[in-house]
Amino acid sequence: MTNVTAPWAYTLQLPHDPRAPGVARTTLRAVLDSHGMAELTHSAELLASELVTNAYLHSLGTYTLRLREMAPGRLRVSVWDTNPEIPAPFRDQRAPAAVPATDETGRGLFLIGACAERWGAYELGDGMGGGAGKLLWAECGRPG
C-alpha cells in the first residue's frame, strides 16, 4: 500500500497578548521539525514572528497564525487579524525600503521583504474569525 502525503496546514488562534509571538515561534518549530523541514526554521520563524507582532501591535482582537505546505519544501506563513489596513509593502508588492537607524519601529516589514521569497495580502470581509480584517502571508522554501 502506498502512503500519500497531502499538503498539510496548521492553524493557531492567538490572544491579543505580547507573549503570542513566542508561542507562534515555538509552534512553528514543532511543526517544521515534525514534517522534516527544520532547515526552514530560521526564515520561517522570522516571518511568523514579524507577522504575529504586526498583528499584536496594529489590531485589537485575537489573530490567527496559519502554517501551510504549498509544495514539498515550501512553506506559507500567514496571519489574519481584525485590522483591515494592509501595509504598503504588501499592498504595493514592492520590497520595503530600509528603515532609518533613528526609527524605533518599522523594521519587521523590511525583514519580511528581505527574507521571504514571495509575500502578499488579502482584504477580508465578514466571516473568517468572526469579523473583517486582513490576511498577510509570506513564503519561504528550500534552496533549489
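Residues numbered from 1 in each chain as written. Predicted model: local features only at pLDDT ≥ 70, side-chain atom pairs only at ≥ 80, totals over all residues. Heavy atoms only, no water.

The protein is annotated in an unreviewed UniProt entry as ATP-binding protein from Streptomyces solicavernae.

A.B. asks: Please explain the sheet that holds strand β2 (residues 63-71) as it appears in this structure.
C.D. replies: Backbone hydrogen bonds hold the strands of a sheet together, and the pairing may be parallel or antiparallel. An order of β1-β2-β3-β5-β4 is seen for the five strands of this open sheet, with the pairing classed as antiparallel. Among the strands making up the open sheet, the edge pair consists of β1 (9-14) and β4 (118-124). Each strand of the sheet is rotated relative to its neighbour by a mean of 15°, with strand direction disregarded. The pairing of β2 with strand β3 (residues 74-81) spans seven bridges and is classified as antiparallel. Counted as the bridge partner of T64 is W80 from β3. Helix-sheet contacts for helix α1 (residues 20-34) involve β1, β2 and β3, and the interaxial angle to β1 is about 165°. (Pairing = 2+ DSSP bridges. Helix = DSSP H or I, 4+ residues; strand = E, 2+ residues; numbered from the N terminus. Axes fitted to C-alpha atoms, helices over the stretch in contact; angles between N-to-C directions. Contact = heavy atoms within 4.5 Å.)

A.B. asks: Which parts of the structure should I look at to understand the pattern of salt bridges?
C.D. replies: Pairing between side chains of opposite charge can happen when the charged atoms of each approach one another. Counting across every chain of the model gives eight salt bridges. Among the ionic pairs, E117 bridges to R74, the shortest N-O distance being 2.6 Å. Pair noted here: E117 is in the loop between α4 (107-115) and β4 and R74 is in strand β3, with a separation of 43 residues, a long-range link. Relative accessible area serves as the criterion here: at 45%, E117 is assigned to the partly exposed category. Judged by relative accessible area, which is 19%, R74 ranks as buried. The salt bridge involving R76 is made with E139; its shortest N-O contact spans 2.7 Å. Taken together, the residues span a long stretch of sequence, with R76 in strand β3 and E139 in strand β5 (residues 133-141) at a distance of 63 residues. The class for R76 is buried, based on a relative accessible area of 12%. Through salt bridges that share partners, R74, R76, E117, R118 and E139 make up one connected network. (Salt bridge = Lys/Arg side-chain N within 4 Å of Asp/Glu carboxyl O. Buried < 20%, exposed > 50% of the residue type's maximum accessible area, 1.4 Å probe, protein only.)

A.B. asks: Just checking my understanding: could you explain the packing of aromatic side chains for this structure?
C.D. replies: When we look at a pair of aromatic rings, we describe it by the centre distance and by the angle of the planes. Summed over the entire model, instances satisfying the criterion amount to one aromatic pair. It is R76 that lies over the ring of W137; its NZ or CZ is 3.6 Å from the centre. (Phe/Tyr/Trp six-rings, centres within 6.5 Å; stacked < 30°, edge-to-face > 60°. Lys NZ or Arg CZ within 6 Å of the ring centre and 35° of its normal.)

A.B. asks: Any chance you could explain α1 here in plain terms?
C.D. replies: Every α-helix carries 3.6 residues per turn, so stepping three or four residues along brings you back to the same face. Compared with the 21 Å implied by 1.5 Å per residue over 15 residues, the 21 Å span of α1 between its first and last C-alpha is a close match. Where α1 is buried, its residues contact β1, α2 (41-58), β2 and β3. In the segment just after α1, G36 is the residue with positive phi, at about 70°. (Expected span 1.5 Å × (residues − 1).)

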